[in-house]
Amino acid sequence: MRERRVAVIGTGYVGLTTGACLAAVGHRVVCADADHRKVERLGRAEVDILEPGLPELVRDGLDSGRLTFVGDSRAAVGEADVVFLCLPTPMGVGGAADLAAVEAVADEVRSALRRSAVVVNKSTVPVGTTERVAALLGRPDIAVVSNPEFLREGHAVQDFLHPDRVVVGAADQEAGQRVAELYAELDAPVVLTDPASAELTKYAANFFLAMKLSFANNLATLCERFDADIHDVVTGIGHDPRIGRAFLDPGPGWGGSCLPKDTHALLTVCEESGVDFPLLRATIDTNVEHQRRLVERVVAGCSPGNGSLRGVRLALLGLTFKAGTSDLRDSPALAIARLLKERGADLYAYDPALSESPPDLSDLLTITDSPERAADGARACVVLTEWPHFRELDWEAMAGLLEAPVVYDFRNLLDPLRLDRAALSWEGIGRSYAMAG
Ligand code: UGA
């Protein structure tokens, strides 16, 4: 494999993983971030996100000299053959992707880019952004290529080094090849296409995943109505390779830093381009509706009357958007917490990834340092994130602390038999105790 000089602008989940992994497969990488303190910490191999294997890769990269961190994006790109833009594209006004960071960096590095370098957009951006960045750069010698990222938080290194596919969208096929070659070591199928198709592939992937989850959550409700078991139903359909078993576990709704942002951005893209895509709207609405329905179950079981939870203390187990991350962005657990709070509940929450309450949550809930403290005096317990060790809690002790013996397991995580032995009544999603047990 030919060693390339690579610059990565932005050291979030995607940027840092890209930089560290490309260094690990033999390229020479300079990562830039405008946050100087973060750059200093990264220079000491201090990684502030929970991502298995990443601190070790950063340490190896620093030790081998293949990976360096700088604060100045212009300095980072000066020698680079390939420049990755890994910048945040948050949900902007009306749900559209906010491209301010991408545009600002394009503006900044324009004159510092080396002749004939390739600029690669890894950020999730609306169709047409690759062309827009090319126009912003205004450098005919520079090709701009789209190379979306499909990694999952908590599995970022694994997903980067063992990708299902590498998608590269380029108007200039030679530039596309140059980007694809960076991944030659990884032995993954490469989809070489045009920029619009690559950009749309990223949105389509996240939309499809969200659609699977909304489908599974709705199906779980249907299972409840007929005393059917969601686990068996999705396993039954999942054996069909056209459907697949993955991403069909019901939960408290889907969230995170990507699925909600990208489905809303795609909805805006559809509206702006006059394309009616009812499935997309239904996927988003189903998620909201599903969360309301779960909250109604808690209200029905815990309200002293009038559909209110005023004066009712609840223990929440898990707040991050999924297990294995400390990320709270668009967490379904927080969406459920807000709905419970609206009904008047007093919320005490425990999450192993959070030691103290983020300031913006202090009005919503109180963070405790153990599940037992959250449960002490609570009327019921609600499991919202699938942290595996919740299964192993001392549920007898938890039962002694709860006012009413009910656990709402909105991840179908716990062992109902074990809860039964602890004289706790288990309420899962789409399956009854009899089936799960
Ligand atoms: C998602 C995609 O899975 C990645 O492929 C994509 O690259 C990434 O977004 C991105 O665009 O950057 P991530 O945000 O890390 O990755 O989260 P997921 O693992 O996809 O989980 C999303 C949500 O679905 C979570 O709230 C999770 O708890 C929920 N989920 C997932 C379920 O409720 N049930 C399942 O069976 C799977």
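Everything numeric here is computed off the predicted structure, so don't read it as measured data.

Regarding the pairing of strand 7 (residues 166–170)
Argument step 1. Of all 5 residues in strand 7, 5 are buried, a share of seventy percent or more.
Argument step 2. With burial as the criterion, each face of strand 7 is covered, one bearing Val166, Val168 and Ala170 and the other bearing Val167 and Gly169.
Argument step 3. Here strand 6 (residues 143–146) pairs with strand 7 via 2 bridges, running antiparallel. Looking at the pairing, Ser146 lines up with Gly169 of strand 7.

Focus on the domain arrangement of the protein chain
Argument step 1. Taken as a whole, the protein chain is organised into domain 1 (5–193) and domain 2 (196–437).
Argument step 2. The straight-line distance from the C-alpha centre of domain 1 to that of domain 2 is 33 Å.
Argument step 3. Opposite the 28 residues of domain 1 that make contact, domain 2 presents 24 residues.
Argument step 4. When the two sides are added together, the surface that domain 1 and domain 2 hide from each other amounts to roughly 2000 Å², 59% of it contributed by carbon and sulfur.
Argument step 5. Summed over the three residues of domain 1 that lose the most area to domain 2, namely Thr124, Val127 and Glu153, the buried surface amounts to 30% of that side.
Argument step 6. Summed over the shared surface of domain 1 and domain 2, the number is 1 salt bridge.
Argument step 7. A salt bridge links Glu153 to Arg329; its shortest N-O distance comes to 3.5 Å.

Quick notes on the site of the ligand
Argument step 1. Neighbouring the ligand are 21 residues; Leu151, Glu153, Lys202, Asn206 and Arg411 lie closest to it.
Argument step 2. Leu151 has a polar backbone atom sitting 2.7 Å from an oxygen atom of the ligand.
Argument step 3. In the environment of the ligand, an oxygen atom lies 3.5 Å from a nitrogen or oxygen atom belonging to the backbone of Leu248.
Argument step 4. A total of 710 Å² of accessible area belongs to the ligand in isolation, and the protein chains cover 90% of it.
Argument step 5. It is helix 9 (residues 195–226) that provides the largest number of residues to the shell around the ligand, a total of 4 residues.
Argument step 6. The class makeup of the residues in the shell around the ligand is 11 nonpolar, 2 polar and 8 charged.

Description of the sheet that holds strand 14 (residues 425–427)
Argument step 1. The sheet built from 6 strands is open, its strands ordered 11-10-9-12-13-14 with parallel pairing. Two strands in the sheet have a free side with no partner beyond their single neighbour: strand 11 (366–367) and strand 14.
Argument step 2. Summarising the sheet, strand 13 (residues 406–409) and strand 14 pair through 3 bridges and their orientation is parallel. Bridge pairing in strand 14 links Tyr408 to Glu427.

Focus on the sheet that holds strand 8 (residues 190–193)
Argument step 1. The sheet built from 8 strands is open, its strands ordered 3-2-1-4-5-6-7-8 with mixed pairing. Here the strands that pair on one side only, and so sit at the sheet edges, are strand 3 (67–70) and strand 8. Geometrically, the sheet is characterised by an average inter-axis angle of 20° between neighbouring strands, direction not taken into account.
Argument step 2. For strand 5 (residues 118–121) and strand 6, the ladder comprises 4 bridges, and the chain directions are parallel.

Looking at the layout of surface pockets
Argument step 1. Reported here for the second largest pocket is a volume of approximately 350 Å³.
Argument step 2. Taken together, 17 residues make up the lining of the second largest pocket; nearest its centre are Asn287, Val288, Gln291, Asp330 and Ala335.
Argument step 3. Mapped by element, the contributors of at least two residues to the lining of the second largest pocket are helix 11 (259–273), helix 12 (278–302) and helix 13 (332–342).

Thresholds applied
Within every chain, residues take consecutive numbers counted from 1 along the sequence as written. pLDDT decides what is reported in this predicted model: residues at 70 or higher carry local features, side-chain atom pairs at 80 or more are listed and counted, and totals for whole chains, interfaces and linings draw on all residues regardless. To get the side-chain values, take all heavy atoms of the structure and skip hydrogens and water. Exposure categories follow from relative accessible area, calculated using a 1.4 Å probe and restricted to protein chains: below 20% of the type maximum is buried, above 50% is exposed, and the middle band is partly exposed. Runs of E in the DSSP output that reach at least two residues are strands. Runs of H or I that reach at least four are helices, and both are numbered from the N terminus. Only when DSSP finds a minimum of two bridges between them are two strands counted as paired. Domain boundaries shown here were taken from an automatic or database domain assignment. Here, two residues are considered to be in contact whenever any of their heavy atoms come within 4.5 Å of each other. Two parts placed together each lose some accessible area under a 1.4 Å probe, and the buried area is that loss summed for both. Any Lys or Arg side-chain nitrogen located within 4 Å of an Asp or Glu carboxyl oxygen qualifies as a salt bridge. Proximity is defined per residue: any heavy atom of the residue falling within 4 Å of a molecule or strand makes that residue near it. Under this definition, polar contacts are N or O atom pairs within 3.5 Å; protein pairs additionally need one hydrogen-donor-capable and one acceptor-capable atom, and for neighbouring residues in sequence, both atoms have to be side-chain atoms. Using a 1.4 Å probe, accessible areas were evaluated by the Shrake-Rupley method; residue-level cover was limited to the displayed protein chains. Three classes are used, and their members are as follows: Ala, Val, Leu, Ile, Met, Phe, Trp, Tyr, Cys and Pro are nonpolar, Asp, Glu, Lys and Arg are charged, and the others, Gly among them, are polar. Interaxial angle, 0 to 180 degrees, is taken between N-to-C directions of lines fitted to C-alpha atoms, where a helix line uses only the stretch in contact. A 1.4 Å probe that fits but cannot get out identifies a cavity on a 1 Å grid over protein atoms alone, an open set with protein on both sides within 12 Å along at least five of seven lines counts as a pocket, and a residue lines either if it has an atom within 4 Å of a point. Grid points are joined across faces, edges and corners, and a volume is the space filled by probe spheres set on the points.

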